[in-house]
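# Results of the structural survey
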Amino acid sequence: MTRFLVLFAALGVVWIQEAVAQDVHIVSPSGYFIADGDDPAWAAPEFDHSRWRFQRDRRIDVPAGIQWIRAPIHIPASYIEENQPLSVIVGAMASNELYFNGVLVGTNGSPAATPAEEEPGLITARYYLPPSLVQPGENIIAVRLSSQQLQAFRGDIDMEIVISPYLDISHVRLVRHVPALILFGAIAASVILFGAMYFLHRRDRASLWIAMTFTFLAAQFGAEVYKGLVNYAYPVQLYRYLVIVFCAYGAVFSLLKATLWRLQAPRNTTLAAFGIAHGAAILSAAAVSTIEPKLTAIILSFLVVCLVLTLNGIRNNVRGSIPLAIGLLVVSLASVEGVTLFLDRGFFYGMTVLAAILFVLQAQDFRRSEMMADKAAAQSARMELELVKRHIQPHFMMNTLGALSEWIEENPSASVDMIQVLADEFRLLNDVSSKDKIPLSQEIELCDAHLQIMSYRQDQTLTLHKDIEDASQQIPPAIFHTLVENALTHNRYNEDKVSFLLRQRLHEDGSIQYELLVPMGAQKNAQKKQRGRGLGFTYIEARLEEAWPGAYQIEEGPTEDDIWRTSIVLGTGQRSA
Amino acid sequence: MKILMVEDERMVARGIKRMVASILDDQKPDIHHVPSLEQAQGFLAENQIDLLLLDLNLSGDDGFDLLAGLASQSFQTIVVSANTDRALQSYEYGVLDFVPKPVGRERLKKALRKLDFTDDTDGSLQTGRGTTEYLSIKAPGMIKIMQVSEVHYIEAAGKYSEIHTADDHSHLHEKSLTALLLLLPKNFQRVHKSVIANLDFAGKLLSHEGSRYELQLKSDRSLRVGRAFVNSLRDRLS
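Looking only at helices and strands, chain B has seven helices and 17 strands in total. Counting over 238 residues, chain B shows a buried share of 51%. Long-range pairs, those at least 24 residues apart, make up 54% of the contacts in chain B between residues at least 6 apart in sequence. Entry remark: accessible area of chain B is about 11100 Å², with carbon and sulfur atoms responsible for 47%.

Pasting the structure below:
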């Protein structure tokens, strides 16, 4: 099931990329000649720029003043034969003027030598190229530009110069945004689904962090596509980058959190994972100079830590680790396309695949927890029935009635008292049997009532001494009552007075220890000295598991002075209630 | 009359003791009470008793395992238990009666009356009165359970009985002929002071000179018939 989904998602991504690639007709310069300073003569097509600084890279180091860039560009004859209008698109964090074959075709803001004089241009400028200006083959684009705002943060700027058919522009825009809209839909659906799962089921922290991952991802994605949807003044670009970096960090941080929750990693592993991820992110981001590689380094550092954790999860047979590892691998591998494509789309495509995988895993988890809840409810009902059944089973009932009829013969007023105590025990049992937790004080009442009944039955004095720190603490119903009952069933006391002891200790780590000490008396036969864990024990363990799943300890055994000791510790481990 | 009561509930034991004492007042019952099977076995090793009153569920112990062994002994056993669903099984093991808890005086009296057969014609029991389907027999190191339907005839052997089966084997049982007749069903008939026959295997009643009688069995064996028993035997056979 999961494998099919992964395959399906991967095919979808490939298909969308193919569709986008086919429809874009663009030409770009193959290199840039750059000169600092300002001279109107630099616009002329015949100007010899051969002594200018030359670079093929689009990243340009802009000085404090004005700069000129001359870019020879080859325009195919087919563009002109079709006689369609062309456009030049300049994307840069700069104000600029564009000259085509020496003719000024437009300005974007106004370049100037000082920040005060400069009027900031838009981040993307689109200039109309009159067909009369264009000649097949070699043409010269000259750009006069300045980037005075945000001097301290600016550094290199990305200079994108593209020529494409004017009418294609809207179509290209639309096609480019189709996958974006699809992805945004998937990401938004993830936020809603996982967010809802967390709010429905507060203990499900994994869902919370998955929802956070996709919330950050949606914000990052929004900031990414903002550029294409809204044309803004170039200084805004810096804030956009800050938003993108913050959101990308938030997304991978939340993804790591979610991964750790899914794998139920212990505290030490969690701390180590965060330490390593942050360390790797800082070191690798420091090693590269520009914004896109830095961001990619941060994202990949976290992804690799997640992947390592998940691979470890596969080794330890943690459910769902394999699909999760596949998803993380898909996201990580998307970076082989290069940083720009990774940040533009690869990261989002990969994360969409991961979202699909998480949908399936979460649905499986949901179903499993539903089944477990059903099972627990059935178990609980069985426990309740068992508790009540123990008291209407013939051995208890008939012997109690037998003793009662003898008390009526011997001492009618004692028999009336016995009936009262019997009624008390049944009333208490009725009150507690359907609950999953009751206060210790109520449990003690139940034990006392049972010991009184047994005192009447055996004409003995059976008492429970209490050494309790907090009687309001909650425990599953009838667990000590069951232990007391077991003790009276398995031991025979010849003495006229027998006392038990119930001790409660609150520990500093939040756990609570209970000890029941019972004299061993005469065992009915030798082999029974090693008591098997009978039905009563099954009852106690089931009740403890129901109320403190996995967070309790129970042990029993004889002590040196012939006392049978049962110790129950509640609220152990990290899953304590 | 010597009685041993095994009961771990003190008040219940007191009640039973009081009731037995008043029901068997004329027989001067000597009732000994122990709370466990362990102590009961110790007591039985050193004392002869006539009746065992046994609670099957003692301190969570199942007295059933020991029931067959107890039923193979010379005394009669009456089970007193809350677990009435085990009653039928108890009868199969050869107990005299099963009295459900809580114990009522009339029910206990009825059980104890089964021990008393003085109302029989000549003062000795002639016809089986019980319902048991199995007899427990002590064999070296174990208790064997034998189907009553396999028993051909039983002879007295001192204070014991010798049980003869269809396959011509014989087994010694600690109970007397009279005690066995209290348990065995009514197809068992006393044909002699010291012989009980299973009438399901009976052939002809032969009379010889000098008023000697013989009961021929289907296996061609014949059993001597006591003069005092001829009339009732003849009634049963016709």
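Read on, since the account is not over.
Within chain A one finds 15 helices and 20 strands. For chain A, the proportion of its 577 residues judged to be buried stands at 48%. Considering only contacts within chain A whose residues lie at least 6 apart along the sequence, 75% involve residues at least 24 apart. For chain A, the accessible area works out to roughly 27800 Å², and carbon and sulfur atoms hold 59% of it.

So, about the interface of chain B and chain A. Contact residues are listed per partner, giving 22 residues for chain B and 28 residues for chain A. When chain B packs against chain A, the two sides together hide about 2100 Å² of surface, and 44% of this comes from carbon and sulfur. Here chain B is connected to chain A by six salt bridges. With a shortest N-O distance of 2.6 Å, Asp459(A) and Arg14(B) are connected by a salt bridge. Viewed at the interface, chain A and chain B are joined by 11 residue pairs in polar contact (both at pLDDT 80 or more). Secondary-structure elements contributing two or more residues to the side of chain B that touches chain A are helix H1 (10–23), helix H2 (37–46) and strand E4 (57–58) of chain B. A per-element tally of the side of chain B that touches chain A places H1(B) first, with six residues. Residue composition of the side of chain B that touches chain A, by class: six nonpolar, seven polar and nine charged.

Here we take up a nonpolar patch on the surface. Residues and elements named next belong to chain A. Together, Tyr226, Leu229, Val230, Val236, Tyr239 and Leu242 give the surface a local cluster of nonpolar side chains, amounting to about 560 Å² of exposed area. In terms of residue count, the dominant contributor to the nonpolar patch is helix H6 (residues 236–262) (three residues). Tracing the backbone shows valine 236 in helix H6.

We now examine the sheet that holds strand E14 (residues 195–198) of chain B. Residue and element names in this part refer to chain B. Reading across the sheet, the five strands line up as E12-E11-E10-E14-E13 and stay open at both edges, with antiparallel pairing between neighbours. Each edge of the open sheet carries a strand with a single partner, namely strand E12 (170–173) and strand E13 (188–192). Each adjacent strand pair in this sheet contributes to an overall mean axis angle of 25°, direction not counted.

Residue and element names in this part refer to chain A. Here proline 45 shows up in the loop between strand E1 (32–36) and strand E2 (53–55). Residues proline 45 and valine 103, spaced 58 residues apart in sequence, show a C-alpha to C-alpha distance of 9.0 Å. Excluding residues within four positions of it along the chain, proline 45 makes contact with Arg70, Asn101, Gly102 and Ile140.

Now for the pattern of salt bridges. Inspection of every chain in the model, using the stated rule, returns 25 salt bridges over all chains. Among the salt bridges present, the one from Arg368(A) reaches Asp365(A), with a minimum N-O distance of 2.6 Å. Here Arg368(A) and its partner Asp365(A) are both found in helix H10 (residues 339–392), three residues apart, which amounts to about one turn of the helix. A relative accessible area of 26% places Arg368(A) in the partly exposed class. What makes Asp365(A) partly exposed here is its relative accessible area of 24%. Put simply, Arg14(B) and Glu410(A) hold a salt bridge, and the shortest N to O gap is 2.5 Å.

Calculation criteria
Residues numbered from 1 in each chain as written. Chains lettered and ligands numbered in written order. Predicted model: local features only at pLDDT ≥ 70, side-chain atom pairs only at ≥ 80, totals over all residues. Heavy atoms only, no water. Helix = DSSP H or I, 4+ residues; strand = E, 2+ residues; numbered from the N terminus. Buried < 20%, exposed > 50% of the residue type's maximum accessible area, 1.4 Å probe, protein only. Contact = heavy atoms within 4.5 Å. Areas by Shrake-Rupley, 256 points an atom, 1.4 Å probe, with all protein chains shown as cover. Buried area = accessible area lost by both parts, 1.4 Å probe. Salt bridge = Lys/Arg side-chain N within 4 Å of Asp/Glu carboxyl O. Polar contact = N/O pair within 3.5 Å; in protein donor to acceptor, adjacent residues only side chain to side chain. Nonpolar A, V, L, I, M, F, W, Y, C, P; charged D, E, K, R; others polar. Patch = residues over 30% accessible without salt bridge, like charges linked within 9 Å, V, L, I, M, F, W, Y side chains within 5 Å. Pairing = 2+ DSSP bridges. Axes fitted to C-alpha atoms, helices over the stretch in contact; angles between N-to-C directions.

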